[in-house]
Amino acid sequence: MLKASEILQRFIETKLQVHPDVVRYLQEQNDPALVDQVIAAASDQTVVVSAAVIPKLRAERDGTRFLADPEMEVLAGAAGTSEAVTSVHDYVHYFRDRYNQLGAIVRARAHAMPIEALVKTTRYKQQECTIIGMVGDSRTSTKGHKIVQVEDPTGTIAVLFNKNRPDFSEAERLIPDEVIGVRGTLSPEGTLFFGNQLIRPDIPLTHAPFKSPTPGRAVLISDVHVGSDTFLPEAWDRFSTWLKTADVSYLLIAGDVVDGIGVYPGQEQELVIRNIYEQYQAFGEMLADLPESLKIVVSPGNHDVVRGAEPQPAFPDKFTGSFPKNCTVVENPALISLQGVRVLMYHGRSIDDMISLIPGASYENPGQMMEEMLQRRHLAPSYGRRTPIAASKQDRLVINPIPEILLTGHVHIMGITRYRGVLGINAGTWQGQTGFQKQMNINPTPARAVEVDLQTLEYQVHDFSEA
């Protein structure tokens, strides 16, 4: 198997730098001749070799766009589509579906064998092969190596990632319940698998985002928190005034539209509207004051009056009576088509879990968390932590198909990233710093709106925090 160090050395010898994505791709292909072909394809002016110079690697869109509605369409997460958990057996279906969906993505890049076939015969001992499984318990050995239990439908095996290997940093970022592929060798005893390369579902290097053939602009926001004493009405008024003259067709709001009631102890002391119906009434009136030509899409978050478990259902009708007719309520998550451009709306509660599990992650960098979701092709990879998940026969938190835009919120800090053709946007909040945030030293970035040109996928940040 090609080692990352060998690939890097080959490029260094030719006085070239190489992008990490290219190194991972070459490892997956495991073809020494391809390394020479990539080097030969680089021009004399090339300093850092990117995926663009890999022979026969061409950008491809994720599927053909058949537009039932040339403007706006809810592709997944329409109101009324979430299911209730009916029995413990639903969890078996849920995790099996997650494994099947994500395992199929990995299997397209690496031929794999069942764990049961690997451990029950002596044929594969010390022979390189690949397994695909879900991450279970993990620990660090006395020598500093990482040992991870990996499970597929046929069995479980312990995988050892050596701390001295270049890919060890990837193994340190493993979190429970994500689905991975591991290329390596079985120990002579047949009880341990030595992991040499970790393969995540990830966004393909060849991914090319779809762009609208016609003009159109969308504004993306989240975390309005109407009813809180730290909601910023003046900033919202400036935003509303701007929308009345801006050349914008769509407004997407990714959850926590109100502050809610009883979400945390002592919340009633921080509310200016203490009735949940009145909070939604006020929010609806704010939307009704916006232009009627604006198509509005609203999804819930963990402060909203729906179940906390994800996928979260859309707002019940009794809370949306004041919402204007140009407003569409959807579930969390939801996949929206805007003139063919796919926007995956997810409030982002799982960011709390990922920050606690991934070394170096922080609330100040939500863009990294969106990249971590895309690499795992899952919005909430780890089960049983702060993010409650309602198991059903299908895991609707898998990121498939690939969106052009991933919109999140929850952390109240703006972050924007581009990862392999996907534009990740965490839009901040419309709420000032809360008492809890002061205790945690979290400094929000309020009153921001991100405007995206659907023809180019270029964005512009508008700051309404000051007059």
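This structure is a prediction, so every number in the text was calculated from the model and none was measured.

Caption draft 1: Structural detail: the overall build of the chain. If you tally the helices and strands in the chain, you get 11 helices and 18 strands. The C-alpha radius of gyration computed for the chain amounts to 24 Å, which stays within 12% of the reference 23 Å derived for 467 residues, consistent with globular compactness. Seen through its C-alpha atoms, the chain measures out along the principal axes to roughly 70 × 55 × 45 Å. Within the chain, buried positions represent 56% of all 467 residues. Here the analysis covers contacts within the chain between residues at least 6 apart in sequence; of these, 70% occur between residues at least 24 apart.

Caption draft 2: Representation of empty space enclosed by the protein. Per the stated rule, a full pass over the model turns up 2 cavities of 30 Å³ or more. Of the volumes computed, that of the largest cavity is approximately 60 Å³. F161, N162, R165, D167, F168, E170, A171, G195, N196, Q197 and L198 together form the lining of the largest cavity. Only α6 (168-172) and β8 (192-199) provide two or more residues apiece to the lining of the largest cavity. Here the lining of the largest cavity gets 4 residues from one element, more than from any other, and that element is β8. Tallied by class, the residues present in the lining of the largest cavity amount to 4 nonpolar, 4 polar and 3 charged.

Caption draft 3: Local environment of the nonpolar core. Formed by 36 residues in total, the largest nonpolar core has its most connected members in I221, V224, F239, L251, I253, F283 and W430. Only β9 (217-221), α7 (233-243), β10 (250-254), α8 (276-288) and β11 (295-299) provide two or more residues apiece to this core. Broken down by element, this core gets its largest block of residues, 6 residues, from α8. Counting 28 residues, the second-largest nonpolar core is a separate cluster that includes Y94, I203, M354 and M369.

Caption draft 4: A look at the packing of aromatic side chains. Applying the stated rule across the entire model yields 15 aromatic pairs. Ring geometry for W242 against F464: centres 5.6 Å apart, planes inclined by 55°, an arrangement best described as tilted. Placement of the pair is W242 in helix α7 and F464 in the segment after β18 (459-463), with a sequence separation of 222 residues. Overall, F464 belongs to the buried group, its relative accessible area being 8%.

Caption draft 5: Representation of the side chain of R448. Relative to the assigned elements, R448 resides in strand β17 (residues 448-453). Looking at R448, its side chain comes within polar contact range of the main-chain oxygen of P446, at 2.7 Å. In this structure, R448 is in contact with I221, M414, A427, T429, W430, V461, H462, D463 and S465, ignoring residues within four places of it in sequence.

Caption draft 6: Just unusual backbone geometry, in detail. Here the residue pair N332 and P333 is connected by a cis peptide bond, since its omega of 5° sits within 30 degrees of zero. Here the residue pair N400 and P401 is connected by a cis peptide bond, since its omega of 10° sits within 30 degrees of zero. Its place among the elements puts P401 in the loop between α10 (366-376) and β14 (405-408). At D177, a position not held by glycine, the phi torsion is positive, near 80°. Relative to the assigned elements, D177 resides in the loop between α6 and β7 (179-186). Taking the relative accessible area as the measure of exposure, D177 reaches 15% and is therefore buried. Residue A447 is not a glycine yet carries a positive backbone phi of 60°.

Caption draft 7: Looking closely at the packing of helix α1 (residues 4-13) against helix α2 (residues 20-29). Two elements in contact, α1 and α2, have axes separated by 10 Å at closest approach and are oriented at 120°. When the interaxial angle is binned, α1 and α2 end up oblique. You can see that α1 and α2 cross each other, and the crossing is right-handed. For the pair formed by α1 and α2, the contact residues are A4, I7, L8 and F11 on the first element and V23, L26 and Q27 on the second. Here the contact of α1 with α2 is built from residues that sort into 6 nonpolar, 1 polar and no charged.

Rules behind the numbers
Residues numbered from 1 in each chain as written. Predicted model: local features only at pLDDT ≥ 70, side-chain atom pairs only at ≥ 80, totals over all residues. Heavy atoms only, no water. Helix = DSSP H or I, 4+ residues; strand = E, 2+ residues; numbered from the N terminus. Rg over C-alpha atoms; globule rule 2.2 N^0.38 Å. Buried < 20%, exposed > 50% of the residue type's maximum accessible area, 1.4 Å probe, protein only. Contact = heavy atoms within 4.5 Å. 1 Å grid on protein atoms, 1.4 Å probe; cavity = no way out; pocket = protein on both sides within 12 Å on 5 of 7 lines; lining within 4 Å. Points joined across faces, edges and corners; volume = space filled by probe spheres on them. Nonpolar A, V, L, I, M, F, W, Y, C, P; charged D, E, K, R; others polar. Core = buried A, V, L, I, M, F, W, Y, C linked by side-chain atoms within 4.5 Å. Phe/Tyr/Trp six-rings, centres within 6.5 Å; stacked < 30°, edge-to-face > 60°. Polar contact = N/O pair within 3.5 Å; in protein donor to acceptor, adjacent residues only side chain to side chain. Axes fitted to C-alpha atoms, helices over the stretch in contact; angles between N-to-C directions. Parallel < 35°, antiparallel > 145°, perpendicular 65-115°, else oblique. Left-handed = near helix turned anticlockwise from the far one by under 90°.

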